[in-house]
Amino acid sequence: MRAGNSNTMLRVPAKLYRIGDLVRYTPFSRQTIHNYTTMGLIRETEWTQGGHRLYDQTVFGRLSRIMKLRKTKTLFEIQEIISREESRRRGVHHN
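So, how was this worked out
- Residues numbered from 1 in each chain as written.
- Predicted model: local features only at pLDDT ≥ 70, side-chain atom pairs only at ≥ 80, totals over all residues.
- Heavy atoms only, no water.
- Phe/Tyr/Trp six-rings, centres within 6.5 Å; stacked < 30°, edge-to-face > 60°.
- Helix = DSSP H or I, 4+ residues; strand = E, 2+ residues; numbered from the N terminus.
- Buried < 20%, exposed > 50% of the residue type's maximum accessible area, 1.4 Å probe, protein only.
- Lys NZ or Arg CZ within 6 Å of the ring centre and 35° of its normal.
- Core = buried A, V, L, I, M, F, W, Y, C linked by side-chain atoms within 4.5 Å.
- Contact = heavy atoms within 4.5 Å.
- Polar contact = N/O pair within 3.5 Å; in protein donor to acceptor, adjacent residues only side chain to side chain.
- Arc of directions from axis to C-beta.

Undergrad: Hey, could you run me through the packing of aromatic side chains in this one?
TA: To describe a pair of aromatic rings, one takes the distance between the centres and the angle between the planes. Tallying each qualifying case throughout the model produces two aromatic pairs. Arranged with centres 5.0 Å apart and planes meeting at 90 degrees, the rings of Y17 and F60 form a pair that is edge-to-face. Taken together, the positions of Y17 in the segment before α1 (19–25) and F60 in helix α3 (residues 58–70) put the pair 43 residues apart, joining distant regions of the chain. Classification of Y17 by relative accessible area gives buried; the value is 14%. Ring geometry for F28 and Y36: centres 5.6 Å apart, planes at 65 degrees, overall edge-to-face. Comparing F28 with Y36 shows no difference in burial state: the two are buried. Across from the ring centre of Y17, 4.9 Å away, lies the NZ or CZ of K15, which sits over that ring. Against the face of Y25 rests R24, its NZ or CZ located 5.8 Å from the ring centre.

See the structure below:
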């Protein structure tokens with residue numbers, strides 16, 4: 001987005017979601033979102049000054065993936081799968 005004739009670009013801030021938003025837009029409960037966060041299955045992007053977790057839009061893709069995996073895998077197995085995937089993305093290999 002350009003402002004007038006100048007070369008200045010405006011940066012649109014990323015949308016961040018609170019736990020309540022995730023509960024509203026997904027089938028997961030507040031407790032499940034909290035559990036998945038503490039297990040490392042999903043990660044908050046930021047924290048508010050009041051100490052509330054904020055998640056970016058990528059959390060919805062991760063929650064969709066967890067829902068799909070949950071049909072055939074335990075949470076421990078899902079945790080291992082996600083950990084391996086993240087390690088590969090970072091270039092770290094586990095045996």
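Undergrad: Looking at this structure, how should I read the nonpolar core?
TA: Soluble globular proteins tend to bury their nonpolar side chains together. I33, Y36, I42, Y55, L63 and I66 are the most contacted members of the largest nonpolar core, which has 16 residues in total. Counting only elements with at least two residues in this core, the list comes to α1, α2 (30–39), α3 and α4 (75–90). By residue number, the principal contributor to this core is α3, which donates four residues. Apart from the residues within four sequence positions on either side, Y55 is in contact with K15, L16, Y17, I19, L22, I33, T37, I42, R43, E44 and T45.

Undergrad: For this particular structure, what's the right way to read the environment of T26?
TA: When you line up the elements, T26 lands in the loop between α1 and α2. The exposure class assigned to T26 is buried, which follows from its relative accessible area of 13%. Note: C-alpha distance between T26 and F60 (34 residues apart in sequence) is 8.1 Å. If we skip the residues at most four places from it in the chain, T26 touches F60 and L63. Of note is the side chain of T26, whose polar atom sits 2.5 Å from the backbone oxygen of L22.

Undergrad: How should I be thinking about the side chain of R53 in this particular structure?
TA: Relative to the elements of secondary structure, R53 occurs in strand β2 (residues 53–54). The class for R53 is buried, based on a relative accessible area of 19%. Residue contacts for R53: discarding those within four places in its chain leaves Y17, R18, I19, H34, T37, T38, E44, E46 and W47.

Undergrad: I would appreciate a short explanation of α2 in the present structure.
TA: In an α-helix, one turn spans 3.6 residues; hence positions three or four apart end up facing the same way. Along α2, the residues classified as buried are I33, Y36 and T37. Looking straight down α2, one finds its buried side chains confined to an arc of 100 degrees; they lie on one side.

Undergrad: Is there a simple way to explain the environment of K15 in this structure?
TA: Tracing the chain through its elements places K15 in the segment before α1. Residue classification places K15 among the partly exposed positions, given a relative accessible area of 46%. Taking the C-alpha atoms as reference, K15 lies 8.6 Å from Y55; in sequence the two are 40 residues apart. Setting aside its immediate chain neighbours within four residues, K15 contacts Y55, D56 and Q57.

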